[in-house]
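Secondary and tertiary structure notes
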Amino acid sequence: MFERMAERAVRPAGLVRRATARLLDSLVYAAVATGVALPLAPGATAHLQAKVDAARAGGRTTTVWLLDGTIAGHLGLVLGAVLLFGVFYEALPTARWGRTPGKKLLGVRVLATATLRPPRFGAALRRWLVYALLGLPGALWALADRPRRRTLHDRAARTYVAR
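This section reports on the structure supplied with the text. The numbers attached to residues start from 1 for each chain and follow its sequence in the written order. Per-residue local features of the predicted model are confined to residues with pLDDT of at least 70, and side-chain atom pairs are confined, for both listing and counting, to 80 or more; whole-chain, interface and lining totals are unaffected and use all residues. Water and hydrogen atoms were dropped before computing side-chain values, which therefore reflect all heavy atoms in the structure.

Examining the environment of T20
- By the criteria applied, helices consist of DSSP H or I runs no shorter than four residues and strands consist of E runs no shorter than two, each listed in order from the N terminus. With respect to the element layout, T20 can be found in helix 2 (residues 15–57).
- For each residue, the accessible area found with a 1.4 Å probe, counting protein chains only, is set against the maximum for its type, and the residue is called buried under 20%, exposed over 50%, and partly exposed in between. Taking relative accessible area as the criterion, T20 reaches 32% and is therefore assigned partly exposed.
- Once the C-alpha coordinates of T20 and G76 are considered, the two residues, 56 residues apart in sequence, prove to be 28 Å apart.

Focus on the environment of A54
- Examined against the element boundaries, A54 turns out to sit in helix 2.
- Distance in space between the C-alpha atoms of A54 and V64 is 9.5 Å, their sequence separation being 10 residues.

What about the pairing of strand 2 (residues 159–162)?
- Because side chains alternate across strand 2, one face comprises the buried residues T159 and V161, and the other comprises Y160 and A162, equally buried.
- Any two strands between which DSSP finds at least two bridges are classified as paired. Here strand 1 (residues 109–112) runs beside strand 2; their pairing, made up of 4 bridges, is antiparallel. In the sheet register, R109 faces strand 2, and the bridge partner there is A162.

Some points on the packing of aromatic side chains
- Between 30 and 60 degrees the pair is tilted, below 30 it is stacked and above 60 it is edge-to-face, where a pair is any two Phe, Tyr or Trp rings, Trp via its six-membered ring, whose centres lie within 6.5 Å. Taken as a whole and judged by the stated rule, the model has 4 aromatic pairs.
- For the pair Y29 and F85, a centre-to-centre distance of 5.8 Å together with 90° between the ring planes defines the contact as edge-to-face. Placement of the pair is Y29 in helix 2 and F85 in helix 3 (residues 69–97), with a sequence separation of 56 residues.
- Under the relative-accessibility criterion, Y29 is labelled buried at 11%.
- Pairing Y29 with Y89 gives two aromatic rings, centres 5.6 Å apart and planes at 75°, and the pair type is edge-to-face. Of this pair, Y29 sits in helix 2 while Y89 sits in helix 3; the two residues are 60 residues apart in sequence, bridging distant segments of the chain. In this structure, Y29 and Y89 share a single accessibility class: buried.
- Pairwise contacts between aromatic rings join Y29, F85, Y89 and W128 into one cluster.
- When the ring centre of Y131 is taken as origin, the NZ or CZ atom of R22, which lies over that ring, is 4.1 Å away. Whether a charge lies above a ring is judged from NZ of Lys or CZ of Arg, which has to be within 6 Å of the ring centre and within 35 degrees of the ring normal.

Here it is in structure tokens:
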């Protein structure tokens, strides 16, 4: 019953507004990933070139794997930095204020369906991690969900995005 009252009290945000907010936040993630990856690129490139040169010097046809322990370590460092950044950029602000910077710019907020308040940290973290795993296919669920246009990550965290 309380959820039905909540639906009437706060309007769900439009899909275009939500998608634009996600795009803005994704650009910030891309900038962080780029900032971490750029200093690693020369070392990774030199490592790969050394592998190719060693294969050419061998004089026989061989397969050179581009993904090895060194490159995987670099990728792991970038992924770890993005995940750590995501906790501070997405999960904590969503739990505290119900908004990321992108959502704030677009005037939308994440609310717990039961309380109409920002979700607790665990729910905000779950929401972000489910989005990180499912991405666009999970977000497209909002096209069919009525009346609150909830995505799979909203369903996992028991939240919805309101105006």
